[in-house]
Amino acid sequence: MRGEAKRRGPVLRMGCGCGLLVVALVALAGVMGWGPAPEVEIATEAKGIGPATPVAVAVREPLRGLELVRVLLRQGEQEEVVAEKEFTPRPLWQVWGERTPEATLQVELGKQAQPWLVNGEATIRVVATRPAGVLRQPAPVVEELTLPVRVTPPTLSVMSTQHYVAQGGSEVVVYRVGEEAARDGVLSGDDFYRGYPLPGQQGVSFALFGVAYDMGDRERIRLVAEDELGNRAERAFVDRFTPKPIPVSKIELSDPFLQKVVPEIAAHSPHVGATDDLAAAYVVINDQLRERNRRQLIEIAGQSKPQFLWRQHFLPFPSGQVMSAFAVRRHYFYDGEKIDEQTHLGFDLASTQQAPVPAANDGVVLWASYLGIYGNVVILDHGYGLLSLYAHLSSIDAQEGQQVERGQSLGRTGATGLAGGDHLHFATLLQGVPVTPVEWWDAHWIQDRIDRKLGAALPFGNPAAAAGQAAAGTGE
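Owing to the predicted nature of the structure, the values given are computational and were not obtained by experimental measurement.

Quick notes on the overall build of the protein
A tally of helices and strands in the protein yields five helices and 31 strands. Among the 476 residues that make up the protein, the fraction classed as buried is 49%. Sequence separation of at least 24 residues holds for 68% of the intrachain contacts in the protein that already meet a minimum separation of 6. Total accessible area on the protein is roughly 23200 Å²; 51% of this is exposed by carbon and sulfur atoms.

Below is the structure:
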């Protein structure tokens, strides 16, 4: 053991000596000004410079630290310092001490910050200096990145006319948009409705869009187009806007109702949490789960096919008595105290118990399962983001991916989810956002608002005429 220890001794002493020598050499290099040059990295996720393009400049000098970093933008004869930062390097005589070995500067480049920019190219130039040594002043490190510049928005023009929209309703707009656009469609309040190429018409697009039930300002409806750099064109196009009042109803929650709906929904949705306090659990379901389901509907709508799947006006539920209409603000009371309020975004239609539920139109089944507050649900895709939803079913007769025809049975009415009694909750959705179904039940509205604008692009001709023929032949 003693011999082994003696053999290890010199190795350890040699390691310490080498370590001190390395430190001394590094320190000497810094003092003399022979150290490593700063490393500079210019990074951006954008493919060019647009109206406001974020750029990150990272600089590293681990020896004595940074002294000065300057970021410039140059296009032609024009040059501007867009960022500059000074640092305090470690003094010459110190081996250890405070310094800034690395720094990142965040800058925003583009037409908004540099109004002199024009389409073409521009160069980002980064100059990084380090402290002087005894014998020399190290040259600054210069790094450059040249990017394309595009500061003009895509071309955008409205082609259709007579855009008459109602609060909570639907419409369609036809337009031309430049090839440089990466995203185009209608921005209606906070909701974006993407556009699609119009079949059979080169360079022409259209967008089916809705107006939220609580949005009463036509100025918030815009046709928009953006390129990949963020340049954006906007056009106002709404000719007439009809506001709609929001009715209010009062709902008294009973213990038997809570005992029925809360355990059932919680069993399908574990994130609801404890159900010891039925009223508190109901509020979680009515608020948080409702919001979760709202987001799910938007995700489901993302699967909609870019083609017309429907051929006629939409069928209403046969012999359905309206128990609650679209966009009714509900105030919920329990033991005389108001505990919640939500908006009912569909039609509650009652018939006989476990009545057959027909498909409102031709489509493809996107969902056929339990869905939170809606209970057993079937969701049909009618193409281009237009969906119909059938909720609270006692049984489901459709499968996801199945093609169904107008009038085909999807299941039977029931009282699953937040239903107090047997009925059908029917909803119409545009890209996941609820709109009133009344318009889509109206053949004349479809002719005036949809067919007149899209015309020959509809693969089934005049849907209103087809609907009239079908009604005459079937006695609807």
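Thoughts on the packing of aromatic side chains
Applying the stated criterion across every chain, the model contains 15 aromatic pairs. With centroids separated by 4.9 Å and ring planes inclined at 75°, the aromatic side chains of Phe206 and Tyr384 adopt a geometry described as edge-to-face. Of this pair, Phe206 sits in strand S14 (residues 204-210) while Tyr384 is found in the loop between strand S25 (376-381) and strand S26 (386-393), placing the two residues 178 residues apart along the sequence. Under the relative-accessibility criterion, Phe206 is labelled buried at 0%. Ring centres 5.3 Å apart and planes at 70° place the aromatic pair Tyr390 and Phe426 in the edge-to-face group. On the criterion of sequence distance, the pair formed by Tyr390 in strand S26 and Phe426 in strand S30 (residues 424-430) is long-range, its members being 36 residues apart. The buried category is assigned to Tyr390, whose relative accessible area is 1%.

Points about the pairing of strand S29 (residues 409-412)
As defined by bridge partners, strand S23 (residues 356-358) adjoins S29 across three bridges and the pair is classed as antiparallel. Following the sheet pairing, Pro358 is matched in S29 by Ser409.

Overview of the pairing of strand S5 (residues 102-109)
Only one face of S5 is buried, namely the one carrying Ala103, Leu105, Val107 and Leu109, since none of Glu102, Thr104, Gln106 and Glu108 on the opposite face is buried. For strand S2 (residues 53-60) and S5, the ladder comprises eight bridges, and the chain directions are antiparallel. Across the sheet, Val57 pairs through a bridge with Leu105, a residue of S5.

So, helix H3 (residues 278-301)
The end-to-end C-alpha separation of H3 is 32 Å, in line with the 34 Å expected for 24 residues at 1.5 Å each. Bending of H3 peaks at approximately 30° at the position of Leu289. The N-cap residue of H3 is Asp277: its side-chain oxygen and the backbone nitrogen of Ala279 are 3.3 Å apart.

Brief notes about the sheet that holds strand S3 (residues 68-75)
Pairing between the strands of a sheet comes from backbone hydrogen bonds, and it takes one of two forms, parallel or antiparallel. On the basis of which strands lie adjacent, the open sheet formed by four strands has the order S4-S3-S6-S7 and antiparallel pairing. Edge positions in the open sheet fall to strand S4 (78-86) and strand S7 (141-149), since each of these has one partner strand only. Pairs of neighbouring strands in the sheet enclose a mean axial angle of 15°, with direction left out of account. Sheet analysis places S3 next to S4, joined by eight bridges and oriented antiparallel. Each residue of the ladder has a partner; that of Gln75, found in S4, is Gln78.

Notes on the nonpolar core
Ranked by size, the top nonpolar core spans 64 residues in total, and within it Phe206, Phe209, Ile221, Tyr390, Trp440, Ile450 and Leu454 carry the most contacts. The contacts of Phe206, once residues within four sequence positions are left out, are Val172, Val173, Val174, Tyr175, Gly195, Tyr196, Pro197, Leu198, Pro199, Phe308, Tyr384 and Leu454. Judged by nonpolar contacts, the second largest core, of 31 residues, contains Ile265, Leu366, Tyr374 and Val377.

A look at unusual backbone geometry
The backbone of Asp335 shows a phi angle near 55°, a positive value even though the residue is not glycine. Examined against the element boundaries, Asp335 turns out to sit in the loop between strand S20 (328-334) and strand S21 (337-344). By relative accessible area, which is 68% here, Asp335 ends up exposed.

Analysis parameters
- Residues numbered from 1 in each chain as written.
- Predicted model: local features only at pLDDT ≥ 70, side-chain atom pairs only at ≥ 80, totals over all residues.
- Heavy atoms only, no water.
- Helix = DSSP H or I, 4+ residues; strand = E, 2+ residues; numbered from the N terminus.
- Buried < 20%, exposed > 50% of the residue type's maximum accessible area, 1.4 Å probe, protein only.
- Contact = heavy atoms within 4.5 Å.
- Areas by Shrake-Rupley, 256 points an atom, 1.4 Å probe, with all protein chains shown as cover.
- Phe/Tyr/Trp six-rings, centres within 6.5 Å; stacked < 30°, edge-to-face > 60°.
- Pairing = 2+ DSSP bridges.
- Expected span 1.5 Å × (residues − 1).
- Bend = angle between axes of the 7 residues up to and from the residue.
- Polar contact = N/O pair within 3.5 Å; in protein donor to acceptor, adjacent residues only side chain to side chain.
- Axes fitted to C-alpha atoms, helices over the stretch in contact; angles between N-to-C directions.
- Core = buried A, V, L, I, M, F, W, Y, C linked by side-chain atoms within 4.5 Å.

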